[in-house]
Amino acid sequence: MFAAERRQLILEMVRANGAVSLRELARVVQTSEVTVRRDVRALEAEGLLDRRHGGAVLPGGFTRESGFPQKSHLATAEKTAIADLAAGLVEEGEAIVVGAGTTTQELARRLARVPGLTVVTNSLLVAQALAHANRVEVVMTGGTLRGSNYALVGSGAEQSLQGLRVSKAFLSGSGLTAERGLSTSNMLSASVDRALVQAAAEVVVLADHTKLGTDTMFQTVPTDLITRLVTDEPPVHDDRAATELQALADQGVQINVAGPAGNPVGDQPPARGDRRRDLPLPGPRRGQVGGPATALRPAGGLGGEQSQGAERAARVADLRRR
């Protein structure tokens, strides 16, 4: 395929989906990620798209929301690894809320094996994944069905969450930055996600590396309310993703990086029943009583004379050890 043909296909994919990862682009055009990255840079120079962490988005700074069919085929391996790791954070007999999204749908499939669990959700896909679980109780919110992501939204959904209190909320979104936190492209979805957050003592965000550094229109969870981020290991060339993870960690967000098969990189998967007492509760905790958040320091005393790539590798290595 000639470069012009590749770039036209890349542009069509981004226009159809709103955001596409470099890995997915390379698979579709049947070339390397290095070649795709050059194509994306050329298209960005022409103002036809914007580069983001590990991918490309529509120009203008804010991505539009993709439909469910497009989302379900993006970063599938990464979503599986994230869901595997996140499921280990849920204990038997716990009550949680799970928001809408393709990553949370993957999580729900794994939660079907957790006995005594109560799951409150506004997602038809999450409820469907748990419908035949013998010892899992599913509680659906009210609301109006939003067909593009099979979620219940609106005042009915928000009112049904009033007075609810659970241990954890598991949420996904369209973008995540240290500056604004989690965001989405739809106002109704954002409003319901905020109500889910209010019902939970801890907030766990599930976001693959392509969403790191992406900013969308409606904020759902500010950074200071995010307890933990479960993400996948960013590609070795993705310095911006490592920088965003560093910034999130500096603000007190605990980072779990999923390796192959969902295992924490360089660690064992968290066992159910582990109370995770190192999890900070949401609230004013950044830089207050107890001191500033611990920075992720490069391993081995890296100095300024070393390359930025080595510094990025050290930061990710430090994240892995957490």
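Given the structure is predicted, the values throughout are model-derived calculations rather than measurements. (Residues numbered from 1 in each chain as written. Predicted model: local features only at pLDDT ≥ 70, side-chain atom pairs only at ≥ 80, totals over all residues. Heavy atoms only, no water.)

Visitor: When you look at the overall build of the chain in this model, what are you seeing that I'm missing?
Guide: Along the backbone of the chain there are 11 helices and 15 strands. When the 322 residues of the chain are sorted by exposure, 54% land in the buried category. A separation threshold of at least 6 residues defines the contact pool for the chain, and within that pool the share at least 24 residues apart is 68%. When the accessible surface of the chain is split by element, carbon and sulfur atoms take 50% of a total near 14,100 Å². (Helix = DSSP H or I, 4+ residues; strand = E, 2+ residues; numbered from the N terminus. Buried < 20%, exposed > 50% of the residue type's maximum accessible area, 1.4 Å probe, protein only. Contact = heavy atoms within 4.5 Å. Areas by Shrake-Rupley, 256 points an atom, 1.4 Å probe, with all protein chains shown as cover.)

Visitor: Is there a simple way to think about the pairing of strand S15 (residues 254–258) in this case?
Guide: For a regular strand, side-chain orientation follows a simple rule: the groups alternate between the two sheet faces. Most of S15 sits inside the fold, with five of its five residues counted as buried. Burial of the side chains of S15 extends over both faces: Gln254, Asn256 and Ala258 are buried on one face and Ile255 and Val257 on the other. With five bridges joining them, strand S14 (residues 228–232) and S15 adopt parallel strand pairing. Its bridge partner lying in S15, Val230 is registered against Asn256. (Pairing = 2+ DSSP bridges.)

Visitor: What am I meant to see in the confidence of the model for the chain here?
Guide: Predicted coordinates in areas of low pLDDT are best not read in detail. On average, residues of the chain carry a pLDDT of 79, and 74% of them reach 70 or more. Confidence drops under pLDDT 50 across residues 66–73; counting only partners more than four residues distant or on other chains, this segment forms 17 contacts. Counting contacts from residues 266–306, a segment whose pLDDT is below 50, to residues more than four positions away or on other chains yields 77 contacts. (pLDDT = per-residue confidence, 0-100.)

Visitor: Can you walk me through the pairing of S14 in this structure?
Guide: Of all the five residues making up S14, five are buried; the element is thus mostly covered by neighbouring parts of the structure. The side-chain alternation of S14 yields two buried faces, one formed by Arg228, Val230 and Asp232 and the other by Leu229 and Thr231. Here strand S12 (residues 200–206) pairs with S14 via three bridges, running parallel. Bridge pairing links Leu206 to Val230 in S14.

Visitor: Which parts of the structure should I look at to understand the sheet that holds strand S2 (residues 50–52)?
Guide: Backbone hydrogen bonds are what pair the strands of a sheet, in a parallel or an antiparallel way. Strand order in the open sheet formed by three strands is S1-S3-S2, and the pairing between neighbours is antiparallel. Among the strands making up the open sheet, the edge pair consists of strand S1 (19–21) and S2. Each strand of the sheet is rotated relative to its neighbour by a mean of 25°, with strand direction disregarded. Both S1 and strand S3 (residues 55–57) contribute to a ladder of three bridges, which runs antiparallel. Bridging across to S3, Val20 finds its partner in Ala56. Strands S1 and S3 of the sheet are contacted by helix H2 (residues 22–29), whose axis makes an angle of about 75° with S1. (Axes fitted to C-alpha atoms, helices over the stretch in contact; angles between N-to-C directions.)

Visitor: Would you explain the sheet that holds strand S5 (residues 117–121) in this entry?
Guide: The sheet built from seven strands is open, its strands ordered S6-S5-S4-S9-S12-S14-S15 with parallel pairing. Whereas interior strands pair on both sides, the edge strands pair on one side only; in this sheet they are strand S6 (136–140) and S15. In this sheet, neighbouring strand axes are inclined to one another by 20° on average, regardless of whether the strands run parallel or antiparallel. One ladder, built from four bridges, connects strand S4 (residues 95–98) with S5; its direction is parallel. Within the sheet, the bridge partner assigned to Val97 lies in S5 and is Val120.

Visitor: Looking at this structure, how should I read H2?
Guide: The periodicity of an α-helix, 3.6 residues per turn, causes residues three or four places apart in sequence to face the same way. Residues of H2 that are buried: Leu22, Glu24, Leu25, Ala26 and Val29. Directly beyond the C-terminal end of H2, a positive phi value near 60° is found at Gln30.

Visitor: It is not clear to me how the packing of H2 against helix H3 (residues 33–45) should be interpreted in this structure. Could you clarify?
Guide: Each pair of packed helices gets described by two things: the angle between the helix axes and the distance between those axes. For the pair H2 and H3, interaxial distance at closest approach is 9 Å and the crossing angle is 105°. Looking at the two axes, H2 sits roughly perpendicular to H3. Contacts from Leu22, Arg23, Leu25, Ala26 and Val29 in H2 reach Glu33, Val36, Arg37 and Val40 in H3. Classifying every residue of the contact of H2 with H3 gives six nonpolar, no polar and three charged. (Parallel < 35°, antiparallel > 145°, perpendicular 65-115°, else oblique. Nonpolar A, V, L, I, M, F, W, Y, C, P; charged D, E, K, R; others polar.)

Visitor: So what exactly am I meant to see when it comes to the pattern of salt bridges here?
Guide: Any two side chains of opposite charge can pair, on the condition that their charged atoms come close. Taken as a whole and assessed by the stated rule, the structure comprises 11 salt bridges. The shortest N-O distance in the salt bridge between Arg6 and Asp39 comes to 2.7 Å. One end of the pair, Arg6, is in helix H1 (residues 3–17); the other, Asp39, is in helix H3, with 33 residues separating them in the sequence. We note that Arg6, like Asp39, is buried. (Salt bridge = Lys/Arg side-chain N within 4 Å of Asp/Glu carboxyl O.)

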